[in-house]
Amino acid sequence: MQSDATETPVPSQTSDSLLKRLAGPSTGKAGLAKDQTDINRVIAEASKGSKFYENEKRKDKDLTEKIARILKQRDEVTKGVDMHQVEVGVDQVIAKMEVNRDLSQIIVHVDMDAFYANVELLDNPDLANKKFGVCFMSFSASYEARKHGIRSGMPEYIAKKLCPELVVVPLNMSRYSEMSQKIMGIFRRYDPNMHAASVDEGYLNLTPYCEEHMLTAAECVQQMRDAVQRETSLTVSAGIAPNKLLAKNKPNGQFQLDFDPRSVKAFMHDLSIRKVPGVGRVNERLLESIGIKTCGDIFTHRGTLCLMDKQFGLHFLLQTYLGIASNVVQPGQREERKSVGAERTFTAIDSKEKILKKLEEVAAELEADMEGGGWTGKTVTLKYKLDTYQVFTRAKSFDRWISTKKEHLFSIGKELLLPEFPLKLRLIGLRVTKLRDLRVDADKQPGSIKRQFFDSVDAGPSSPRKRRRSATPDEDEPTLSQDGFEESMPGYLAHEELDPDAPEYSGNSTIKPESSSDGTKPVRQRPPVSAPASTSSSQGTSSHVAYLKPQSSSSSTEPRKRGSSFVSMKGKDRAEEPPDGREMQTCPLCSKIMQVDNRDFNAHIDFCLSKGAIREAQAMASADKSSISLRPTGTHKKVPDKRPSSKQTKR
DNA sequence: ATGCCTGAA
DNA sequence: GACCTTCAGGCAT
């Protein structure tokens, strides 16, 4: 019936990957319609010709080119290599991973079914059997609506296109939060340390509870789900498995994976690589390009992956293939926040006044969040998005804690933004990083290695009052300030110094837009900004075309090509820090969790490091064989140097 | 340190 | 008729 791709369902040939890209991230959810292709076509047509669409097309093209480069590289790397021998080496690594597999923990992932939609249903039974969705910015669709291809995150106008009768219910966030709290409260009876991953999902470790109550995991989870249904009239799905990766990938209802390696591997074998946390649209395509669609395919192509470890991250993928992942569950860390920000989208504008107005609004929002949360920080990042959807960031750091007053944030933002004009923007945002928690009096300082020790001791500082200015500054910051600045009274100082702070830099007074574009650099005023900009502006292209693309990379029209590729995997496969007072240790290399003293832990680390050495030797041997030039820079280091902990463990 | 990208919810 | 927001983390330079 349906035409297949060759018949060009869309007028102009729209590539498969682009269709998929447009379709959005959350394909493959429960209750989807069968004919995805058809739906994708509707989606693509709905936005065809828009700047958004063009931008997606551009990104898709970039990716395609990148894939071509990777394939070429693969051919070079593979040439003349005894692949079998490489595989033998990898197999040894796999064998070692297997040995360390930890199946001792009962990890459960719980997930409320169509949460927003079902809460609405509860409050408004008239909606039953109607196709409806909750919409604010992202979309949460009822099951009825999902059958039409409506997914979360989809813009309303497209949802309507897919299902004209769709009933749109406004978002009622406070209501969902309230329900969420209630539900999480129930979960916490079973694991007080549970991790609430979002309003409607979470992870639990039921090992202790099951043991204490002499329950099987399935019985326990059944009880828990019954309790939720009884007390909230909402239904929850649960996956039971020995780690978080496996627990999350479950069908609806209640699903338990057998806790043995064979079952685990069988389960992983056909699992789409896309289901692995950390593998998104881009990495899915990258992997697909070398023939990997399922986790089982990882094994098939382990030789290539080994030779291209840099691009793909062999270690992580092997763990994934084996179904090995973190089984550590801990509550959301108090305030391990790394950044606070605010951003806003609007219809594109190019008037400088109006843009600055938006910036001011964003600054005000940020002020509220910073003050409300009790934060300050040292660097401010401006983000802007052109009407072409290209995104840029500009940052500036300070050597002291900044004032979180909106005037100050605005002034910093202005300083970063003004040199970029002329611009036509559809979004502007500000973010503060290098945070400092003003509600924690002392101890906790981002750079401090000792933090972990302090934390386990003071956990709940009995001081009920959180004041911004610590009463006893002297005791607070013993020695941490290496630059001799008075960091002891964060909020206070920053505030007071706002003006005086600006003695020799333009800061808040006035920004003095021009003059500096030339060689004269007033200290490191606007470091990265002007450099590339000057080239383009000196060209005189400034007039009309100017705001098509500010520059970002020198000369080339494209923002920047990079070889990065498979990112963010490496950090993810290792388990989180152990909870407070316990002596539970998690190996940063193999993620194994153990209850050991330092000596044993060190021994284990050494063991894991030696595994890394084996892997490295393997890789280097094969690389040598394949001869030259694969490695752009002479860096030979493969994986093993990614841990500072070798230092720590050395005692 | 800065900028860009990817991913997640 | 026009695709969000917030945050984390990795890589390159």
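Before reading on, note that the structure itself is shown above.
Residues numbered from 1 in each chain as written. Chains lettered and ligands numbered in written order. Predicted model: local features only at pLDDT ≥ 70, side-chain atom pairs only at ≥ 80, totals over all residues. Heavy atoms only, no water.

(A) Examining the overall build of chain A more closely. For chain A, the helix and strand inventory stands at 25 helices and 16 strands. Expressed as a percentage of the 651 residues in chain A, the buried residues total 45%. Across chain A, contacts joining residues at least 24 apart in sequence account for 69% of those joining residues at least 6 apart. Total accessible area computed for chain A in this model is approximately 33,400 Å², and 52% of it derives from carbon and sulfur atoms. (Helix = DSSP H or I, 4+ residues; strand = E, 2+ residues; numbered from the N terminus. Buried < 20%, exposed > 50% of the residue type's maximum accessible area, 1.4 Å probe, protein only. Contact = heavy atoms within 4.5 Å. Areas by Shrake-Rupley, 256 points an atom, 1.4 Å probe, with all protein chains shown as cover.)

(B) Quick peek at helix α1 (residues 16-23). Most of α1 is tucked away: six of the eight residues are buried. Taken together, the buried positions of α1 are occupied by S17, L18, L19, R21, L22 and A23. On its buried face, α1 sits against α2 (36-47), α3 (51-78) and α13 (281-289). One or two residues past the end of α1 sits G24, with phi positive at roughly 100 degrees.

(C) Structural detail: the packing of helix α18 (residues 352-373) against helix α19 (residues 406-417). Axis separation between α18 and α19 bottoms out at 8 Å; the angle between their running directions is 135 degrees. Taken as axis vectors, α18 and α19 run oblique relative to one another. Where α18 crosses over α19, the handedness of that crossing is right-handed. Here I355, L356, L359, E360, A363, A364, L366 and E367 of α18 lie close against α19, whose contacting residues are K406, L409, F410, G413, K414 and L417. (Axes fitted to C-alpha atoms, helices over the stretch in contact; angles between N-to-C directions. Parallel < 35°, antiparallel > 145°, perpendicular 65-115°, else oblique. Left-handed = near helix turned anticlockwise from the far one by under 90°.)

(D) Structural view of the pairing of strand β7 (residues 236-241). The buried count for β7 comes to six of six residues, which makes it a mostly enclosed element. Along β7, one buried face is formed by V236, A238 and I240 and the opposite face, lined by S237, G239 and A241, is buried too. Pairing analysis gives six bridges linking strand β1 (residues 107-112) to β7, with the strands arranged antiparallel. Within β7, the position partnered with D111 by the bridge is S237. Two elements, β7 and strand β8 (residues 254-256), share three bridges in a ladder whose sense is parallel. If you follow I240 over to β8, its bridge partner there is Q256. (Pairing = 2+ DSSP bridges.)

(E) Quick peek at the protein's contact with DNA strand C. Taken together, 26 residues are adjacent to DNA strand C, and S50, R337, K338, T345 and R426 come closest. Here a base nitrogen of DNA strand C sits 3.4 Å away from a polar atom, N or O, in the side chain of S47. R431 places a polar side-chain atom, nitrogen or oxygen, 3.0 Å from a phosphate oxygen of DNA strand C. Those elements that provide at least two residues to the surface near DNA strand C are α3, α7 (156-162), β9 (339-349) and β13 (425-433). It is β9 that contributes the most residues to the surface near DNA strand C, seven residues altogether. Along the lines of polarity and charge, the residues of the surface near DNA strand C split into nine nonpolar, eight polar and nine charged. (Near = heavy atom within 4 Å. Polar contact = N/O pair within 3.5 Å; in protein donor to acceptor, adjacent residues only side chain to side chain. Nonpolar A, V, L, I, M, F, W, Y, C, P; charged D, E, K, R; others polar.)

(F) Molecular detail of the packing of aromatic side chains. Following the criterion strictly, the structure yields eight aromatic pairs and no others. Look at Y190 and Y209: their rings are 4.8 Å apart centre to centre, the planes differ by 50 degrees, and that puts the pair in the tilted class. Of this pair, Y190 sits in helix α8 (residues 173-190) while Y209 sits in helix α9 (residues 207-213); the two residues are 19 residues apart in sequence, bridging distant segments of the chain. Looking at Y209, the relative accessible area reads 15%, which means it is buried. Among the aromatic side chains, those forming a connected cluster through ring pairs are F115, Y116 and Y176. (Phe/Tyr/Trp six-rings, centres within 6.5 Å; stacked < 30°, edge-to-face > 60°.)

(G) Structural context of the pattern of salt bridges. Tallied over the full model, the rule gives 33 salt bridges. Here K57 and E54 are joined by a salt bridge, their closest N and O atoms 3.6 Å apart. You can see K57 and its partner E54 sitting in helix α3, three residues apart, about one turn around the helix. Among the residues examined, K57 registers a relative accessible area of 38% and is labelled partly exposed. Between K406 and E367 there is a salt bridge, with its nearest N and O atoms 3.9 Å apart. Of this pair, K406 sits in helix α19 while E367 sits in helix α18, placing them 39 residues apart in sequence. A single network of salt bridges, built from pairs that share partners, joins R21, E56, K59, D60 and R285. (Salt bridge = Lys/Arg side-chain N within 4 Å of Asp/Glu carboxyl O.)

(H) Spatial organisation of the nonpolar core. Among the nonpolar cores identified, the biggest contains 43 residues, and I273, I298, L305, F312, L317 and L318 are the most heavily contacted of them. Mapped by element, the contributors of at least two residues to this core are α3, α4 (83-99), α11 (244-248), α12 (261-269), α13, α14 (295-300), α15 (302-307) and α17 (314-322). When residues are assigned to domains, this core turns out to be shared by domain 2 (61-103 + 260-330 + 559-651) and domain 3 (112-131 + 166-248), each giving three or more. Beyond its immediate stretch of four places on either side in the chain, I298 contacts I273, I292, L305, L317, L318, T320 and Y321. Formed by 32 residues, the second largest nonpolar core is a distinct cluster that contains A342, W375, L386 and L423. (Core = buried A, V, L, I, M, F, W, Y, C linked by side-chain atoms within 4.5 Å. Domains from an automatic or database assignment.)

(I) Up close: the sheet that holds strand β12 (residues 391-397). With antiparallel pairing, the four strands of this open sheet are ordered in space as β9-β13-β11-β12. Where the open sheet ends on each side, the last strands, each with one partner, are β9 and β12. Going across the sheet, the axis of each strand differs from the next one's by a mean of 15 degrees, ignoring polarity. Strands β9, β11 (379-386) and β13 of the sheet are contacted by α18, whose axis makes an angle of about 155 degrees with β9. Together, β11, β12 and β13 form the strand contacts of α19, whose direction differs from that of β11 by roughly 55 degrees.

(J) Broad picture of the environment of L246. Mapping L246 onto the fold places it in helix α11. Taking the C-alpha atoms as reference points, L246 and M268, separated by 22 residues in sequence, lie 8.3 Å from one another. Not counting residues within four places of it along the chain, the set of residues in contact with L246 comprises A241, L257, V264, F267, M268 and G323.

(K) Spatial organisation of α2. Across its 12 residues, α2 extends 17 Å between first and last C-alpha, which sits within 8% of the 16 Å expected from 1.5 Å per residue. Here α2 has its buried residues at Q36, I39, N40, I43, A44, A46 and S47. Burial along α2 is one-sided: seen end-on, the buried residues are contained in an arc of 160 degrees. Against α1, α3 and α7 lie the buried residues of α2. (Expected span 1.5 Å × (residues − 1). Arc of directions from axis to C-beta.)

(L) View of unusual backbone geometry. Between F421 and the following residue, P422, the backbone shows a cis peptide bond with an omega angle of 0 degrees. Assignment of secondary structure puts P422 in the loop between α19 and β13. Look at Y389: it is not a glycine, yet its phi comes out positive at around 80 degrees. Take Y389: it is sitting in the loop between β11 and β12.

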